[in-house]
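A closer look at the structure
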Amino acid sequence: MKYVTVNGATIPALGFGTFRMPGAEVLKVVPEAIRQGFRHIDTAQIYGNEAEVGQAIASSGVARTDIFLTTKVWVDKYQRDAFVKSVDDSLKKLRTDHVDLLLLHWPNDAVSLAEQIGALNEVRNAGKVRHIGVSNFNTTLMAEAVKLSDAPLVTNQVEYHPYLDQTAVLEAARKAGMSVTAYYAMADGKVISDPVLKQIGTSHGKTAAQVVLRWLVQQDGVVTLTKTATLSRLPENFDIFDFELSTDEMAAIHALAAPGGRIVSPGGRAPVWDKAA
């Protein structure tokens, strides 16, 4: 496993995500993912599966202290009192006295960013979370959040895959000493049949999906999430640390980015995204 060290946090560069994973699926897949070697598990209040994630970690046979656990506060809980209560509720469901990383899930200007960041710092100071960060923030919001926070922010979790140029966010994160955590790495399955990715994979004896995961973790300060509901695919998803992409291969994958590559941009929730470089 490779690790990304930023602003005092050491984060396993490959994480297992549980977005759109029903509770029963979590209980089946997550313990096996941990047995395969995953040590970074990502969930969120809005996913509705924190209780099952907590149960899965408890039943995995791996100590909680060896797992890097991330959850996210949903946008309707950003006022201070609701925020603190929601974190307590999450900890109860997750069967733990702390999470390793707590994120604001999406921007929400109905509550001042100062109040949101203040609440993040409060729960961190109380020992309920070890590290804090944001998700789906553009560079302007990132910079504002960094200024407002007493504690360092360690990541911005955003959509990132070969078809979406995230240069602006990557550069801003590095400048702030933060990482970028990539979700939707498979671009809703589009990468699987991409001829460029398949060709690169063939030269390494790997699949297109493994090439994309490797491309992400090989970038400075990038953490990536992967997900599967199929137990037989777990070893493939984890098996990305025994090869390296060349400079030309990395560039060829970056060159796949194109206007209109973004997949996740919910109306009324998404910020004004940064333009591609």
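Residues numbered from 1 in each chain as written. Predicted model: local features only at pLDDT ≥ 70, side-chain atom pairs only at ≥ 80, totals over all residues. Heavy atoms only, no water.

As for the overall build of the protein
- Each helix and strand in the protein was counted, giving 10 helices and 10 strands.
- Since a compact globule built from 277 residues should have a radius of gyration of about 19 Å, the 18 Å found for the protein is in line with a globular shape.
- With the C-alpha coordinates aligned to their principal axes, the bounding extent of the protein is approximately 55 × 45 × 35 Å.
- Looking at the protein as a whole, 55% of its 277 residues are labelled buried.
- Within the protein, contacts between residues at least 6 apart in sequence are counted, and of these 76% link residues at least 24 apart.
- In the structure as shown, the protein presents an accessible area of about 11,700 Å², 50% of it carried by carbon and sulfur atoms.
- Placing the 28 positive and 30 negative side-chain charges of the protein at their respective mean positions leaves the two points 3 Å apart. (Helix = DSSP H or I, 4+ residues; strand = E, 2+ residues; numbered from the N terminus. Rg over C-alpha atoms; globule rule 2.2 N^0.38 Å. Buried < 20%, exposed > 50% of the residue type's maximum accessible area, 1.4 Å probe, protein only. Contact = heavy atoms within 4.5 Å. Areas by Shrake-Rupley, 256 points an atom, 1.4 Å probe, with all protein chains shown as cover. Lys, Arg positive; Asp, Glu negative; His and termini not counted. Charge placed at Lys NZ, Arg CZ, Asp CG, Glu CD.)

Quick word on the packing of aromatic side chains
- Counted under the stated rule, the structure contains 8 aromatic pairs.
- When the ring of Trp106 is compared with that of Trp273, the centres are 6.2 Å apart and the planes differ by 65°; the resulting orientation is edge-to-face. Of this pair, Trp106 sits in the loop between β6 (99–104) and α4 (113–125) while Trp273 sits in the segment after α10 (247–254); the two residues are 167 residues apart in sequence, bridging distant segments of the chain.
- Seen from their ring centres, Tyr160 and Trp215 are 5.3 Å apart, and the 50° between their planes marks the pair as tilted. Separated by 55 residues along the polypeptide, Tyr160 in the loop between β8 (153–159) and α6 (167–175) and Trp215 in helix α8 (residues 208–217) bring together distant segments of the chain.
- Positioned above the aromatic ring of Tyr163 is the side chain of Lys190, whose terminal nitrogen or guanidinium carbon lies 4.1 Å from the ring centre.
- Directly above the aromatic system of Trp273 lies the positively charged group of Arg262, at a separation of 3.9 Å from the ring centroid. (Phe/Tyr/Trp six-rings, centres within 6.5 Å; stacked < 30°, edge-to-face > 60°. Lys NZ or Arg CZ within 6 Å of the ring centre and 35° of its normal.)

With respect to the packing of helix α2 (residues 50–58) against helix α3 (residues 80–94)
- It is the contact of α2 with α3, at a shortest axis distance of 7 Å, that shows an interaxial angle of 40°. Comparing their axes, α3 and α2 come out oblique. Contacts between α2 and α3 involve Glu50, Ala51, Val53 and Gly54 on the former and, on the latter, Ser90, Lys93 and Leu94.
- Taken together, the residues of the contact of α2 with α3 break down into 3 nonpolar, 2 polar and 2 charged. (Axes fitted to C-alpha atoms, helices over the stretch in contact; angles between N-to-C directions. Parallel < 35°, antiparallel > 145°, perpendicular 65-115°, else oblique. Nonpolar A, V, L, I, M, F, W, Y, C, P; charged D, E, K, R; others polar.)

Regarding the nonpolar core
- Ranked by size, the top nonpolar core spans 87 residues in total, and within it Phe16, Phe83, Leu102, Leu104 and Leu197 carry the most contacts.
- Broken down by element, the residue count for this core peaks at 7 residues, all from α8.
- With sequence-adjacent residues up to four places away left out, Leu102 is seen in contact with Thr71, Lys72, Val73, Phe83, Val87, Leu120, Val123, Val129, His131, Ile132 and Gly133. (Core = buried A, V, L, I, M, F, W, Y, C linked by side-chain atoms within 4.5 Å.)

Thoughts on the UniProt feature "binding site: substrate" (unreviewed entry) in the protein
- The feature "binding site: substrate" (unreviewed entry), as annotated in UniProt, sits at His105 in this numbering.
- Turning to its location among the elements, His105 is positioned in the loop between β6 and α4. (UniProt positions renumbered as here; feature names shortened; annotations may be inferred.)

Section: the environment of Gln210
- Position of Gln210 relative to the elements: it lies in helix α8.
- Each C-alpha atom of the pair Gln210 and Ala110 lies 40 Å from the other, and the pair is 100 residues apart in sequence.
- Residues in contact with Gln210, not counting those within four places in the same chain, are Glu236, Asp239, Ile240 and Phe243.
- For Gln210, the side chain forms a polar contact with the main-chain oxygen of Glu236, separated by 3.0 Å. (Polar contact = N/O pair within 3.5 Å; in protein donor to acceptor, adjacent residues only side chain to side chain.)

Thoughts on the environment of Phe241
- With respect to the secondary-structure elements, Phe241 resides in the loop between α9 (234–238) and α10.
- A sequence separation of 28 residues divides Phe241 from Leu213, and the C-alpha atoms of the two residues are 9.7 Å apart.

Comments concerning unusual backbone geometry
- Here Asn136, not a glycine, exhibits a phi torsion of approximately 60°, which is positive.
- With respect to the helices, strands and loops of the structure, Asn136 is situated in the loop between β7 (129–135) and α5 (139–148).
- Of note, the phi angle at Asp188 is positive, near 60°, even though the residue is not glycine.
- For Asp188, the position within the fold is in the loop between β9 (179–183) and α7 (195–204).
- Overall, Asp188 belongs to the exposed group, its relative accessible area being 59%.

What to know about the sheet that holds strand β5 (residues 68–73)
- The strand order β3-β4-β5-β6-β7-β8-β9-β10 describes a closed barrel built from 8 strands, whose pairing is parallel. Averaged over all neighbouring strand pairs, the angle between strand axes comes to 30°, with direction disregarded.
- Pairing of β5 with β6, which is carried by 4 bridges, proceeds in the parallel orientation. The partner of Thr70 across the bridge, within β6, is Leu101. (Pairing = 2+ DSSP bridges.)

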